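Residue-level listing of the chains:
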Amino acid sequence: MLLLAACATTRPGGDLSGAQGPKIAREPAYNSGTSRPYTVRGQTYYPRIPNAGHSETGIASWYSEESPNATTANGEYFAPDGISAAHKTFPLPSVAEVTNLDNGRTIRVRVNDRGPFVEGRVMDLSRGAAKALGVYTTGTARVRVTWLGPAERLGPAPVYAAPSRAPDDDQRYLVQVGAYSQRDNAERAQGRLADARINSRDSLYIVYTGPFKGAAAAERRRQEAISAGFSSAILVHDD
């Protein structure tokens, strides 16, 4: 599943927010699992629905290079080259207009993730959005972010079934929430689940909960993780 992407050519002062950007939905379809307060690194954030036209000014950064199975906070697949972004409190998914105050470029982005959890930063852009906005080479830029409204819902991500085992299954399982190449993103996912831990393996940071005795207990926790926005959570054997 790919995120909606703008395919216009960027230019200084150019406006890329027209029909090629993500569309505003007629009816909100927010992910309920991302609407609850959450805590990251000791700070609690309270998601809310702002008034259309609400604007914030600050520093935007960008992120990418996640594993093929990485998902955004609301369970969509993260496409580094799509036109998407992360915000700490906007409802997910929604549409925002972002203007680079350093070069005048403006684009529309699909807001489907949480972050950035860095003081003074208002938005994390995908690599594709960073390139379109002229932030890719500089790393950060001064931006104005304007919330426009709810985004159209994408199709569902695949759901993985629990392993087939006998009712008296005593096998131990882990619930793998996600795999990330950047520790900051792994810690962001960890902060959304009270019992989550991080394990480094093959240059990836694996976020998981458990172990659990029996597939039934593990599956219950997997369903809770899905409700929290990790729709690609899977069960793996605790070898």
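None of these values were measured; they are calculated from a predicted model.

Is there a simple way to explain the overall build of the protein chain in this structure?
Helix and strand counts for the protein chain stand at three helices and 13 strands. Expressed as a percentage of the 239 residues in the protein chain, the buried residues total 52%. Put simply, 76% of the contacts in the protein chain that link residues at least 6 apart link residues at least 24 apart. Carbon and sulfur atoms provide 48% of the accessible area of the protein chain, an area that totals close to 11400 Å².

What should I look at first to understand the pattern of salt bridges in this one?
Side chains that differ in sign of charge can pair as their charged atoms come close. Within the structure shown, the criterion is met by eight salt bridges. Here Asp113 ties to Arg188 by a salt bridge, and the two come within 3.6 Å at their closest N and O atoms. Taken together, the residues span a long stretch of sequence, with Asp113 in strand β7 (residues 106-113) and Arg188 in helix α2 (residues 183-190) at a distance of 75 residues. In this structure, Asp124 and Arg188 form a salt bridge, with 3.8 Å as the shortest nitrogen-oxygen distance. Here the residue Asp124 occupies a position in strand β8 (residues 121-126), and Arg188 occupies one in helix α2, the gap between them amounting to 64 residues. Judged by its relative accessible area of 8%, Arg188 is buried. Beyond isolated ion pairs, a larger network of salt bridges with shared partners links Asp113, Asp124 and Arg188.

Any chance you could explain the environment of Pro150 here in plain terms?
Along the polypeptide, Pro150 turns up in strand β9 (residues 140-150). Using a relative accessible area of 12% as the deciding quantity, one classes Pro150 as buried. In sequence terms Pro150 and Ala96 are 54 residues apart; their C-alpha atoms lie 9.0 Å from each other.

Can you help me understand the nonpolar core in this one?
Across soluble globular proteins, nonpolar side chains have a tendency to be buried as a group. In terms of nonpolar packing, the biggest core is built from 24 residues, with Val98, Ile107, Val109, Met123, Leu125 and Val145 touching the most fellow members. Put simply, the parts of the chain that give this core at least two residues each are β6 (94-100), β7, β8, α1 (127-133) and β9. Residues in contact with Val109, not counting those within four places in the same chain, are Pro22, Ile83, Ser84, Ala85, Ser94, Val95, Ala96, Val98, Met123 and Ala129. Membership of the second largest hydrophobic core comes to 18 residues, among which are Ala189, Ala196, Ala228 and Leu235.

Is there a simple way to explain α2 in this structure?
Each α-helix turn comprises 3.6 residues. Residues three or four places apart therefore point the same way. Within α2, the full set of buried residues consists of Asn185, Ala186, Arg188 and Ala189. Summarising the axial view, the buried residues of α2 lie within an arc of 155°, below the 170-degree limit, and thus occupy one face.

Before we go on, may I ask you to explain the pairing of strand β4 (residues 55-63) in this structure?
Looking along a regular strand, one sees side chains alternate from face to face of the sheet. Of the strand pairs in this sheet, β4 and β9 are connected by seven bridges, and their pairing is antiparallel. Looking across to β9, one finds that Glu56 is bridged to Val145.

Can you walk me through the environment of Arg108 in this structure?
Locating Arg108 in the fold gives a position in strand β7. Assessed through its relative accessible area of 23%, Arg108 is described here as partly exposed. Along the backbone, Arg108 and Lys23 are 85 residues apart, and their C-alpha atoms lie at a distance of 9.0 Å.

Any chance you could explain the sheet that holds strand β12 (residues 204-213) here in plain terms?
Note on sheets: strands pair through backbone hydrogen bonds, and any given pair is parallel or antiparallel. Read across the open sheet, the four strands follow the order β11-β12-β10-β13; overall the sheet is antiparallel. Strands with a single pairing partner mark the edges of an open sheet, and in this sheet they are β11 (197-201) and β13 (234-237). Neighbour to neighbour, the strand axes of the sheet diverge by 45° on average, direction disregarded. Bridging between strand β10 (residues 172-180) and β13 involves four bridges; their strand directions are antiparallel. Bridge pairing in β13 places Gln176 opposite Ile234.

What exactly am I supposed to notice about the layout of surface pockets here?
It is a probe the size of a water molecule, rolled over the atoms, that shows where empty space is left. Of the volumes computed, that of the second largest pocket is approximately 250 Å³. Lining the second largest pocket are 13 residues, and of these Pro116, Val118, Asp124, Asp184 and Asn185 lie nearest its centre. Of all elements in the fold, only β4, β8 and α2 reach the threshold of two or more residues within the lining of the second largest pocket. When its residues are assigned to classes, the lining of the second largest pocket shows five nonpolar, three polar and five charged.

Calculation criteria
Residues numbered from 1 in each chain as written. Predicted model: local features only at pLDDT ≥ 70, side-chain atom pairs only at ≥ 80, totals over all residues. Heavy atoms only, no water. Helix = DSSP H or I, 4+ residues; strand = E, 2+ residues; numbered from the N terminus. Buried < 20%, exposed > 50% of the residue type's maximum accessible area, 1.4 Å probe, protein only. Contact = heavy atoms within 4.5 Å. Areas by Shrake-Rupley, 256 points an atom, 1.4 Å probe, with all protein chains shown as cover. Salt bridge = Lys/Arg side-chain N within 4 Å of Asp/Glu carboxyl O. Core = buried A, V, L, I, M, F, W, Y, C linked by side-chain atoms within 4.5 Å. Arc of directions from axis to C-beta. Pairing = 2+ DSSP bridges. Axes fitted to C-alpha atoms, helices over the stretch in contact; angles between N-to-C directions. 1 Å grid on protein atoms, 1.4 Å probe; cavity = no way out; pocket = protein on both sides within 12 Å on 5 of 7 lines; lining within 4 Å. Points joined across faces, edges and corners; volume = space filled by probe spheres on them. Nonpolar A, V, L, I, M, F, W, Y, C, P; charged D, E, K, R; others polar.

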